[in-house]
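Listed below, chain by chain, are the residues.
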Amino acid sequence: MKKKSIYQRVLLKLSGEALAGEAKTGISTSVINRIADDIVEANNLGVQLGIVIGGGNIFRGVAASAQGMDRASSDYMGMLATCINALALQDALEKKGLETRVQTAIAMAEIAEPYIRRKAIRHLEKNRIVIFAGGTGNPFFTTDTAATLRAMEINAEIIMKATKVEGIYDKDPVQHRDAELFSELSYIEVLNRGLAVMDSTAISLSMDNKLPIVTFNLNRKGNISRVLVGEKIGTVIK
Ligand code: GTP
């Protein structure tokens, strides 16, 4: 029997670093192609997919402001970085035959469509993957917050937050071998324990709007589809 997504519409959040691969910066064509393969597989499950992409592989606003750059300026540079990633992802997805549209929160009409909520929804209904670039269009907000905002605007049923590890642990799994993976957490637990999965603005916004989040390992091939067909992987926050 052909597998189907248990969700109709989801918002996938990809970090910029996810595109960088081993090099940690820039865009790796082989990595982006592998992610695109996973997205093709997800698309075949019959889900409508919006994607928010970060920009940390190109420019990380918070880090630059920590070194003395004005936070607003560095955040705008980070937003531009997300646009570069969005175009790269669009190219990789379209080479594999998917229909996509990029919408930006910051006007750059020669490069991509502006973000228009109702148009984004029409694209999704026509089975086009919509890549939302430019964060929220405002400094001081992360792309995780942008993902939460867009997810709510397009009425996504869940945010799929792709990460480098299996999910959320009680301590850093890279440094502690006995770190335990949570299968489920409440928003308030994430906030109270200060678990660094998403910033508190994004978590609170999801909590206020009862939008579940699943965090999972993007580096394991097929994981996007596993989440979509309802396999219990990663950590669910709800
Ligand atoms: P329909 O309403 O279903 O026809 O959607 P569509 O996206 O195919 O229609 P439209 O004519 O708006 O877009 C055609 C192409 O132009 C798509 O690739 C859009 O992404 C692109 N496009 C639309 N608006 C803009 C814009 O303001 N700037 C840029 N750079 N591209 C745009």
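The structure presented is a predicted model; accordingly, all values stated were derived computationally and were not measured. (Residues numbered from 1 in each chain as written. Predicted model: local features only at pLDDT ≥ 70, side-chain atom pairs only at ≥ 80, totals over all residues. Heavy atoms only, no water.)

Caption draft 1: Up close: the pattern of salt bridges. This model, assessed by the stated rule, comprises 16 salt bridges. Across the pair Asp75 and Arg71 runs a salt bridge, and its minimum N-O distance is 2.9 Å. Of the two residues, Asp75 and Arg71 are both situated in helix 3 (residues 71-95); the distance of 4 residues between them amounts to about one turn of the helix. Asp75 sits in the buried class, given a relative accessible area of 9%. The residue Arg220 makes a salt bridge to Glu166 at a minimum N-O spacing of 2.6 Å. Remark: Glu166 occurs in the loop between strand 6 (158-163) and strand 7 (184-185) and Arg220 occurs in the loop between strand 8 (213-217) and helix 8 (223-228); sequence separation between them is 54 residues. Because the salt bridges share partners, they merge into one network encompassing Glu99, Arg101, Glu113 and Arg128. (Salt bridge = Lys/Arg side-chain N within 4 Å of Asp/Glu carboxyl O. Helix = DSSP H or I, 4+ residues; strand = E, 2+ residues; numbered from the N terminus. Buried < 20%, exposed > 50% of the residue type's maximum accessible area, 1.4 Å probe, protein only.)

Caption draft 2: Seen up close, the pairing of strand 5 (residues 129-133). The buried fraction of strand 5 is high, at 5 of 5 residues. Along strand 5, one buried face is formed by Ile129, Ile131 and Ala133 and the opposite face, lined by Val130 and Phe132, is buried too. Looking at chain direction, strand 2 (residues 48-53) and strand 5 are connected through 3 bridges and run parallel. Bridge pairing in strand 5 links Gly50 to Val130. One ladder, built from 5 bridges, connects strand 3 (residues 100-104) with strand 5; its direction is parallel. Within strand 5, the position partnered with Thr100 by the bridge is Ile129. (Pairing = 2+ DSSP bridges.)

Caption draft 3: Expanded view of the site of the ligand. Close to the ligand lie Arg101, Ala109, Glu110, Ile111, Ala112, Glu113, Pro114, Lys119, His123, Lys126 and Arg128, which account for all nearby residues. At 2.7 Å from an oxygen atom of the ligand is found a side-chain nitrogen or oxygen belonging to Arg101. A total of 630 Å² of accessible area belongs to the ligand in isolation, and the protein chains cover 50% of it. Looking at side-chain class alone, the shell around the ligand contains 4 nonpolar, 1 polar and 6 charged residues. (Near = heavy atom within 4 Å. Polar contact = N/O pair within 3.5 Å; in protein donor to acceptor, adjacent residues only side chain to side chain. Areas by Shrake-Rupley, 256 points an atom, 1.4 Å probe, with all protein chains shown as cover. Nonpolar A, V, L, I, M, F, W, Y, C, P; charged D, E, K, R; others polar.)

Caption draft 4: Geometry of the side chain of Thr82. Here Thr82 lies in helix 3. The class of Thr82 is buried, set by a relative accessible area of 2%. Leave out the neighbours within four places in its chain, and Thr82 touches Ile53, Gly54, Gly55, Ala133, Gly134, Gly135 and Thr143. (Contact = heavy atoms within 4.5 Å.)

Caption draft 5: Up close: the sheet that holds strand 3. The strand order across the open sheet built from 9 strands is 4-3-5-2-1-6-8-9-7, with neighbouring strands paired in mixed fashion. Each edge of the sheet is formed by a strand with only one pairing partner; in this case those strands are strand 4 (113-114) and strand 7. Bridge count between strand 7 and strand 9 (residues 235-237): 2 bridges; the pairing is parallel. Looking across to strand 9, one finds that Leu185 is bridged to Ile237.

Caption draft 6: Spotlight on the packing of aromatic side chains. Applying the stated criterion across every chain, the model contains 1 aromatic pair. Over the aromatic face of Tyr115 sits the side chain of Arg150, whose NZ or CZ is 3.6 Å from the ring centroid. (Phe/Tyr/Trp six-rings, centres within 6.5 Å; stacked < 30°, edge-to-face > 60°. Lys NZ or Arg CZ within 6 Å of the ring centre and 35° of its normal.)

Caption draft 7: Summary view of a nonpolar patch on the surface. A surface patch of nonpolar side chains, about 230 Å² in accessible area, is lined by Ile27, Ile58 and Ile84. For Ile58, the location among the structural elements is in the loop between strand 2 and helix 2 (61-66). (Patch = residues over 30% accessible without salt bridge, like charges linked within 9 Å, V, L, I, M, F, W, Y side chains within 5 Å.)

Caption draft 8: Just helix 1 (residues 29-43), in detail. In this model helix 1 runs 20 Å from its N-terminal to its C-terminal C-alpha over 15 residues, within 8% of the 21 Å that 1.5 Å per residue would give. Every buried residue of helix 1 is listed here: Val31, Ile32, Ile35, Ala36, Asp38, Ile39, Ala42 and Asn43. Each buried residue of helix 1 sits inside an arc of 160° when the element is viewed along its axis, so together they form one side. Within helix 1, the exposed residues directed more than 90 degrees away from the buried face are Thr29 and Ser30. Close packing links the buried residues of helix 1 with strand 1 (9-14), strand 2, helix 3, strand 5 and helix 8. (Expected span 1.5 Å × (residues − 1). Arc of directions from axis to C-beta.)

Caption draft 9: Main features of the packing of helix 5 (residues 143-153) against helix 7 (residues 200-208). Between helix 5 and helix 7, whose axes approach to 8 Å, the crossing angle comes to 20°. Of the possible angle classes, the one that applies to helix 5 and helix 7 is roughly parallel. Two packed elements cross with a definite hand, and for helix 5 against helix 7 that hand is left-handed. Where helix 5 approaches helix 7, its residues Asp144, Thr145, Thr148, Leu149 and Met152 are matched on the opposing element by Thr201, Ala202, Leu205 and Ser206. (Axes fitted to C-alpha atoms, helices over the stretch in contact; angles between N-to-C directions. Parallel < 35°, antiparallel > 145°, perpendicular 65-115°, else oblique. Left-handed = near helix turned anticlockwise from the far one by under 90°.)

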